[in-house]
Amino acid sequence: MRVPLSWLRDFAPIDGDVDGLVASLDDLGLMVEGVERVGDGLGDIVVARVLEVAAIEGADRIRRVVVDAGGDPLEIVCGAFNFGQGDLVPLAPVGTVLPGGMEIGRRTMRGVTSNGMLCSGRELALSDDGAGLLVLSGVDGAGPGVPIVDALGIEPDVVFDITVEGNRPDAWCMAGIARDLAARLGVPFSLPEPGVTPAGPPVETLASAAVEAPEMCPRLTVRVLEAIDVGPSPPAIARRLTMAGMRPINNVVDASNYVMLELGQPTHPYDLDRLGAPGLLVRRARPGETLTTLDGVERTLGNPGRGLGETGEDCVICDAGGTVIGIGGIFGGASSEISSETTRVLLEAAYFEPMVIARTSKTLRLRTEASARFERGCDPFGIDRATERFCELLALSSPGTRVAQGTLDVRGALRDPIVLTLRTEAVNDLLGTALETEEIAGLLGPIGFRCTPEAPGVLAVDVPSNRPDVRPAPHGVADLAEEVARTYGYSRIARHQPTWAEPGGLTEAQRMRRRVREALVGLGATEVWTPSLVDAGEDARVGVTAAPIAIANPMAQDQGWLRRTQMAGLLRALGRNRDRRQGSVRLFEVGVVFGEPTPGRSTAERSGAGGAQGAYLPTERELASLLLAAEGDDARVAVAALDAIGAELRLAGLRVRPPEEGAALGGLHPTRSARILSGAVPVGVLGEIDPEVAEDFGIEGRLGWLELDLGILADRAVVPRRDERTRPISRFPSSDIDLALVVADPVPADEVADVLGAAGGELLESVTLFDVYRGPGLEPGRRSLAFRLRFCAPDRTLTDREVGALRAACVEAAQRQMGAVLR
Amino acid sequence: MTNARPLDLDALESTAERVLRAATSTAELAEAETAALGKRSELAGAHRTLGALDESERRRVGRELHELRERMESLAAALRLELQAKERSAALEADRLDLSEVVVADLRSPIVRGRTHPVTQSRDALEDVFVAMGFKVAEGPEAETDWYNFEALNMPPSHPARGMYDSFFLELGEPETIVLRTHTSPVQIRLMEAAVAAGTLPIHAVAPGRCFRRDTADASHLPVFHQVEGLVVDRKITFGDLAGTIEAFTTAYFGPEVHSRLRPSYFPFTEPSAEYDITCTICLGAGCRTCSNTGWLELGGCGMVDPAVFMACGIDPAEWSGFAFGFGIDRCAQMRHQIPDMRALVENDLRFLAQF
Ligand SMILES: [Zn+2]
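What counts, and at which threshold
- Residues numbered from 1 in each chain as written.
- Chains lettered and ligands numbered in written order.
- Predicted model: local features only at pLDDT ≥ 70, side-chain atom pairs only at ≥ 80, totals over all residues.
- Heavy atoms only, no water.
- Helix = DSSP H or I, 4+ residues; strand = E, 2+ residues; numbered from the N terminus.
- Rg over C-alpha atoms; globule rule 2.2 N^0.38 Å.
- Buried < 20%, exposed > 50% of the residue type's maximum accessible area, 1.4 Å probe, protein only.
- Contact = heavy atoms within 4.5 Å.
- Areas by Shrake-Rupley, 256 points an atom, 1.4 Å probe, with all protein chains shown as cover.
- Lys, Arg positive; Asp, Glu negative; His and termini not counted.
- Charge placed at Lys NZ, Arg CZ, Asp CG, Glu CD.
- Donors = N, O, S within 2.8 Å, 3.2 Å for Na, K, Ca; no water.
- Tetrahedral: all angles 85-135°; square planar, octahedral: opposite > 155°, others 65-115°.
- Domains from an automatic or database assignment.
- Pairing = 2+ DSSP bridges.
- Axes fitted to C-alpha atoms, helices over the stretch in contact; angles between N-to-C directions.
- Buried area = accessible area lost by both parts, 1.4 Å probe.
- Salt bridge = Lys/Arg side-chain N within 4 Å of Asp/Glu carboxyl O.
- Polar contact = N/O pair within 3.5 Å; in protein donor to acceptor, adjacent residues only side chain to side chain.
- Expected span 1.5 Å × (residues − 1).
- Parallel < 35°, antiparallel > 145°, perpendicular 65-115°, else oblique.
- Nonpolar A, V, L, I, M, F, W, Y, C, P; charged D, E, K, R; others polar.
- Phe/Tyr/Trp six-rings, centres within 6.5 Å; stacked < 30°, edge-to-face > 60°.
- Lys NZ or Arg CZ within 6 Å of the ring centre and 35° of its normal.
- pLDDT = per-residue confidence, 0-100.
- Disulfide = S-S within 2.5 Å.
- Left-handed = near helix turned anticlockwise from the far one by under 90°.

### Overview of the overall build of chain B
So, step 1. The helix and strand inventory of chain B stands at twelve helices and nine strands.
So, step 2. For a compact globule of 356 residues, the expected C-alpha radius of gyration is about 21 Å, and chain B comes in at 43 Å, more than 25% above that figure.
So, step 3. Along the first, second and third principal axes, the C-alpha atoms of chain B reach 135 × 50 × 40 Å.
So, step 4. Classification of the 356 residues of chain B by burial places 55% in the buried group.
So, step 5. Considering only intrachain contacts with a sequence separation of at least 6, the fraction spanning at least 24 residues in chain B is 66%.
So, step 6. Accessible surface, chain B as shown: approximately 16,200 Å² in total, 52% of it carbon and sulfur.
So, step 7. When the 36 basic and 53 acidic side-chain charges of chain B are each reduced to a single mean position, those positions are 10 Å apart.

What follows is the structure, encoded as structure tokens:
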């Protein structure tokens, strides 16, 4: 909200330097986003009369203008065309610095010397209009050589751009800002009482008012003004509206906007003679009913929206005959718009139920100055002052106005006045302060909360009707505590760091995640962050066949689905780095991928009033994916990476197994890929990226891939850990035995190693696979696995006979259990 | 031996010495030793002529020859040491390696360490700060129900404050009931519900995680971003405790010269609510362009848990009080590392990531 300082001074003698005011406003929670000084730097601008306008030869965008600015005629080059001989326009003489910082110099264009510049409203920061000169003809007191500030009655002003929080509808107006600021500065605040003398007939003889939906519109008032002369607003009104960021339209609409900006109450003026029947009726919209709003768009009402809570219960304003002429609290219809022919105005001022306005505004995607205020909650009892002020303003701009006597006032159930019992102790307990009861009363009083001592340390606090954010007890105590803290000053509340007995810490799964990252970094991999939201076909490119979960309202088509894998993102990241000549790299990502909703992850248990029943959350799996693209990387490096992570996490019994028959692993090389299993539970996959997939992403060469499900990995019941106990190192020499065992291809090498390990017993220190051979000398379908067995005893050097016996036992076990043949 | 010339020992010695001294390497020296002192040397030849001399003469000349040989051998030893030292220093010189110009990529198995992502680094550092302050670390799902993301946080359907959170909805169930969480605050609700069900109040937890909003990416916003939420529910927790906690975390994470301030604000799930700023990390409060000359940068929101939120979770606000706070992890990383454009965090350019 743009807030001119001069407007605030209508309500309180606010002084002080601008920086200090900004600090006070910020500290009150009225955040100042910007400060603009207007009317500054206009001291040198004078009014000039156009004496002569002539074309310049060879130039069609500029003209030569001669003006009288109170001295000798001056020759000026001007690029505007919205004026003529005799007009009064603003002149910035040579040497002037415009509000934007531009300095006017003497220039020569096409042989014509320009002794200054004729200015637009925008160039003088007086309006948004930059299309032509600010024509001053007709302005009282404007004449050649008169300073423009005198001609227009401009005083330098400061406009604060203030963000008002959603819970402060009371502060969303000049009076509200002034009230808070006056309380902080300790100066008196007062709202002038507007006053008009009704001279017209009784209002009920001119119009009617009825409400069929009081739950939507708990209060409707109607006033009528006659003999109105529609025209431009007086300069002071127009200027304030402009400074506040609203475009002046005509004196009737401007008065309505002015009142809204000043007091926070939206009102709506209708041309009474353009209503089908004189008067207003408020009711629910019928399904499918349409209305063309002031912006010329046809709106369909009364239909449920697609979104949550969009019930289609819209509140409409009708003329007395039931024809829709506006959407309650949001937008007026075009049919009853004020025009230059209007002479009789019906003014609607109402209180709408905030949730009704919020709902319709959301369903129709229609947000206006009025709806934004109504949905936050206006003051149902501030209406009378607002309509009175409207009449007063209109009487000023249209002196013949006859205000009809009385107000049509239809009331339903309005919020009962709230009186809160506020214990000083409760406030201090919540804030950590040591405020006295009188101090609290002194803080709340000036912002409109009347405090009456009820007992020692207890106040009865009247909540004003313009504070819908302050709730009844018990919540209201917290609301009042906020007001106390805010007006006292957050920065004055003593800070204290609380402590407690319970220790902090990470969970085992969180510690494990960190160790996985550390292990991957140790492997030379760099962590990246690829998109969670992807294109529909993205995952299919890496062999994920299940359809992704769609986002109902994506920002862009290629961000419209939830990823099911990190492979595509990592390949893209690799491709981008390769394009930038960062070729030999290893990348990894740790993050969530999404899958089908799982029954059990229900929303139904605590779905709330608007929540869905029977919908389930998608499954989320946290994966660590590693893309190995350094020189020489391939599936074997992926195995080594798995070993490294396994060692880091002390994982026991992980198995690397080929894909199941006919079930290729998505995106992976069909003959160079495997599943990682713990028992029968899949923990992840590894191998090489399918060359076709890599090619699709424009990447050449072998790429290793390792993908682990961290959620499963963290579960020790599923993935056991190695024994943490150590065994002493023997002081005696060890003996190595090499065995080349021929086994059938389907027999996994790690199982052979396990059999050897078991047969070797306690004296077997390690089993290492060191060679694999297929080819001449072996039957097809079999290969030779060469293991090195290292034996060692803790208490002696093993004899050749002992080692021989152990070797025989190992060979025998491998033959018997694995069908292995010693080569 | 009439034709035997008398032995010229001086000539013998000068010849041997010349041969030895001519060697320029240990290998040459070994050859020279053979030549000057070996079986076929003049010296050995002189020894063989001794037999022709009478006994007294033989003894004298023999002794002189022996002394000469000893002198030559010790000369050779000295020369060897000299040459060895020279050769070692030449070998070391030949092996010289300037360690400032090592071409790591040329190594057979280059030792390269990767990096965690700057957001991970910030998250870990923040977690560590909070753990040291007594917080546990909690997590929650990235896709949430309307209940957790909004309604239990005192934002029933159509609540205008929902407008602050432009949400992505999933095509699951009734429209707009499942949302990609717009903040980490739903974890508050999950923590409170779980603590009530298990009877394990109080709660002192932070919850880092990924969030989603329909915001256009720019230099300081990403539609997918990371937040950390804090929640304390205990007895006699005050707004002063909240401010003290924020200050403690701020100085612990950003350094002792960075402080915090609280300004009134509005969140439906806290009352009183505050926005908190930290000392501008660029100018340390002096005022600069980044902080619009205020000396402060906005970091996050916080407040005392609203009674309505407690009641939605089944907690009696008369018995328990608490505070909650939340702020962007990405933003912390941006401030700490002075990253001009946040979009660099998702571009995955290794030239950028290698800097952390
Ligand atoms: Zn700064």
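### Describing the overall build of chain A
So, step 1. Helix and strand counts for chain A stand at 19 helices and 38 strands.
So, step 2. The globule rule puts the C-alpha radius of gyration for 823 residues at 28 Å, and the 41 Å found for chain A is more than 25% above it.
So, step 3. Along the longest, intermediate and shortest principal axes, the C-alpha atoms of chain A span 125 × 85 × 55 Å.
So, step 4. Taking all 823 residues of chain A together, 52% fall into the buried category.
So, step 5. Of all intrachain contacts in chain A linking residues separated by at least 6 positions in sequence, the fraction that spans at least 24 positions is 69%.
So, step 6. When the accessible surface of chain A is split by element, carbon and sulfur atoms take 50% of a total near 36,000 Å².
So, step 7. Positive and negative side-chain charges in chain A, numbering 84 and 115 respectively, have mean positions lying 7 Å apart.

### A word on the coordination of the zinc ion
Where a metal carries four tetrahedral donors, each ideal angle is 109.5 degrees; where it carries six octahedral donors, the ideal angles are 90 or 180 degrees.
Residue and element names in this part refer to chain B.
So, step 1. Surrounding the zinc ion are the protein donor atoms Cys-280 (SG), Cys-283 (SG), Cys-288 (SG) and Cys-291 (SG), at 2.2 to 2.3 Å.
So, step 2. One way to put it: the four donor atoms around the zinc ion meet at angles of 103 to 113 degrees, and that makes the site tetrahedral.
So, step 3. Donor residues for the zinc ion, ordered by position in the chain, follow C-x2-C-x4-C-x2-C.

### A short note on the domain arrangement of chain A
So, step 1. Domain annotation for chain A reports domain 1 (8–36 + 164–185), domain 2 (46–154), domain 3 (203–411), domain 4 (418–491), domain 5 (508–600 + 617–713) and domain 6 (735–822).
So, step 2. A separation of 57 Å is found between the C-alpha centroids of domain 2 of chain A and domain 4 of chain A.

### Some remarks on the sheet that holds strand E24 (residues 450–455) of chain A
Residue and element names in this part refer to chain A.
So, step 1. The three strands lie next to each other as E23-E25-E24, forming an open sheet whose pairing is antiparallel. At either end of the open sheet lies a strand with only one pairing partner, and these are strand E23 (418–423) and E24. Ignoring which end each strand starts from, the neighbouring axes of this sheet average 30 degrees apart.
So, step 2. As defined by bridge partners, E24 adjoins strand E25 (residues 458–463) across five bridges and the pair is classed as antiparallel. Its bridge partner lying in E25, Thr-452 is registered against Ala-460.

### Comments concerning the side chain of Gln-188 of chain B
Residues and elements named next belong to chain B.
So, step 1. Position of Gln-188 relative to the elements: it lies in helix H7 (residues 186–198).
So, step 2. According to the relative accessible area criterion, Gln-188 is buried, its value standing at 1%.
So, step 3. Filtering out sequence-adjacent residues up to four positions away, Gln-188 remains in contact with Leu-153, Glu-229, Leu-231, Phe-269 and Ala-324.

### Structural notes on the interface of chain B and chain A
So, step 1. On the side of chain A, 97 residues touch chain B, which itself brings 104 residues to the contact.
So, step 2. Around 8,200 Å² of area is buried between chain B and chain A when both sides are counted, 58% of it from carbon and sulfur atoms.
So, step 3. Scanning the region where chain B abuts chain A turns up nine salt bridges.
So, step 4. Of the charged contacts in the structure, one is a salt bridge between Asp-349 of chain B and Arg-580 of chain A, with a shortest N-O distance of 2.9 Å.
So, step 5. Taken together, the connections running from chain B to chain A amount to 42 residue pairs in polar contact (both at pLDDT 80 or more).
So, step 6. The leading source of residues in the side of chain B that touches chain A is helix H8 (residues 239–254) of chain B, at eight residues.

### What to know about helix H13 (residues 508–522) of chain A
Helical geometry: 3.6 residues make up each α-helical turn, so side chains three or four residues apart lie on a common side.
Residues and elements named next belong to chain A.
So, step 1. Along its 15 residues, H13 runs 21 Å from first to last C-alpha, staying within 8% of the 21 Å computed at 1.5 Å per residue.
So, step 2. Among the residues making up H13, those that are buried are Gln-510, Met-512, Arg-513, Arg-514, Val-516, Arg-517, Ala-519, Leu-520 and Val-521.
So, step 3. At the exit of H13 stands Gly-524, carrying a positive phi of roughly 85 degrees.

### Quick look at the sheet that holds strand E14 (residues 280–284) of chain A
So, step 1. Ordered by their spatial adjacency, five strands build an open sheet running E11-E14-E17-E18-E19 (chain A), and the pairing between neighbours is mixed. Among the strands making up the open sheet, the edge pair consists of strand E11 (209–211) and strand E19 (331–332) of chain A.

### So, the pattern of salt bridges
All names here are of chain B.
So, step 1. Applying the stated rule across the entire model yields 91 salt bridges over all chains.
So, step 2. One salt bridge in this structure joins Glu-298 and Arg-263, with 3.7 Å as the shortest N-O distance. Here Glu-298, found in strand E8 (residues 296–305), pairs with Arg-263, found in strand E6 (residues 260–267); they are 35 residues apart in sequence, far enough to count as distant.
So, step 3. With a relative accessible area of 40%, Glu-298 lands in the partly exposed category.

### Some words on the environment of Ala-243 of chain B
All names here are of chain B.
So, step 1. Following the sequence through the fold, Ala-243 ends up in helix H8.
So, step 2. Residue classification places Ala-243 among the buried positions, given a relative accessible area of 5%.
So, step 3. C-alpha separation for the pair Ala-243 and Gly-303, spaced 60 residues apart in sequence, amounts to 9.1 Å.

### Details of the environment of Trp-561 of chain A
Residue and element names in this part refer to chain A.
So, step 1. Relative to the elements of secondary structure, Trp-561 occurs in strand E28 (residues 561–562).
So, step 2. Trp-561 sits in the buried class, given a relative accessible area of 17%.
So, step 3. Linking Trp-561 and Asp-535, residues 26 residues apart in sequence, is a C-alpha distance of 6.0 Å.
So, step 4. Leaving out residues up to four positions away in the same chain, Trp-561 has contacts with Ser-532, Leu-533, Val-534, Asp-535, Ala-536, Pro-548, Ile-549, Ala-550 and Ile-551.

### Some remarks on the side chain of Asp-157 of chain A
All names here are of chain A.
So, step 1. Mapped onto the elements, Asp-157 comes out in strand E10 (residues 157–163).
So, step 2. Notably, Asp-157 is buried but unbridged: the nearest opposite-charge side chain belongs to Arg-239, and the N-O separation is 5.5 Å.
So, step 3. A distance of 3.4 Å separates the side chain of Asp-157 from the backbone nitrogen of Leu-5, its partner in a polar contact.
So, step 4. Here Ser-6 takes part through its side chain, which lies 2.5 Å from a polar atom of the side chain of Asp-157.

### Focus: the packing of helix H10 (residues 424–431) of chain A against helix H12 (residues 475–488) of chain A
Residues and elements named next belong to chain A.
So, step 1. Interaxial distance between H10 and H12 falls to 10 Å at its minimum, and their mutual angle equals 70 degrees. By the angle class used here, H10 and H12 are roughly perpendicular. When H10 is examined against H12, the residues Ala-426, Val-427, Leu-430 and Leu-431 are found in contact with a partner set consisting of Val-477, Ala-478, Ala-481, Val-484 and Ala-485.
So, step 2. Grouping the amino acids of the contact of H10 with H12 by side-chain chemistry returns nine nonpolar, no polar and no charged.

### Side note on the packing of aromatic side chains
So, step 1. Counted under the stated rule, the structure contains 17 aromatic pairs over all chains.
So, step 2. Joined through ring pairs, the aromatic side chains of Trp-500 of chain A together with Phe-130, Phe-135, Phe-249, Tyr-276, Phe-323, Phe-325 and Phe-327 of chain B make up one cluster.
So, step 3. The ring of Tyr-148 of chain B carries Arg-190 of chain B above its face, with NZ or CZ at 4.0 Å from the centroid.

### Some thoughts on the confidence of the model for chain B
So, step 1. Mean pLDDT over chain B stands at 91; residues scoring 70 or higher make up 95%.
So, step 2. In the predicted assembly, ipTM is 0.86 and pTM is 0.84.

### Considerations on the state of the cysteines
Residue and element names in this part refer to chain A.
So, step 1. Per the stated rule, a full pass over the model turns up zero disulfides over all chains.
So, step 2. Note on Cys-78: no disulfide assigned, nearest cysteine sulfur contributed by Cys-119 at a separation of 9.1 Å.
So, step 3. Cys-78 gets classed as buried once you look at its relative accessible area, which sits at 5%.

### Brief notes about the packing of helix H7 (residues 354–363) of chain A against helix H8 (residues 369–376) of chain A
The relative placement of two packed helices is expressed as an angle between their axes plus a distance between the axes.
All names here are of chain A.
So, step 1. Packing of H7 against H8 brings their axes to within 7 Å, and their N-to-C directions diverge by 135 degrees. Considering their axes alone, H7 and H8 lie oblique with respect to each other. Of the two possible hands of crossing, H7 and H8 adopt the one that is left-handed. Residues Pro-354, Ile-357, Ala-358 and Ser-361 of H7 pack against Ser-371, Phe-374 and Glu-375 of H8.

### Quick word on the domain arrangement of chain B
So, step 1. The domains assigned to chain B are domain 1 (9–93) and domain 2 (118–353).
So, step 2. A separation of 89 Å is found between the C-alpha centroids of domain 1 of chain B and domain 2 of chain B.

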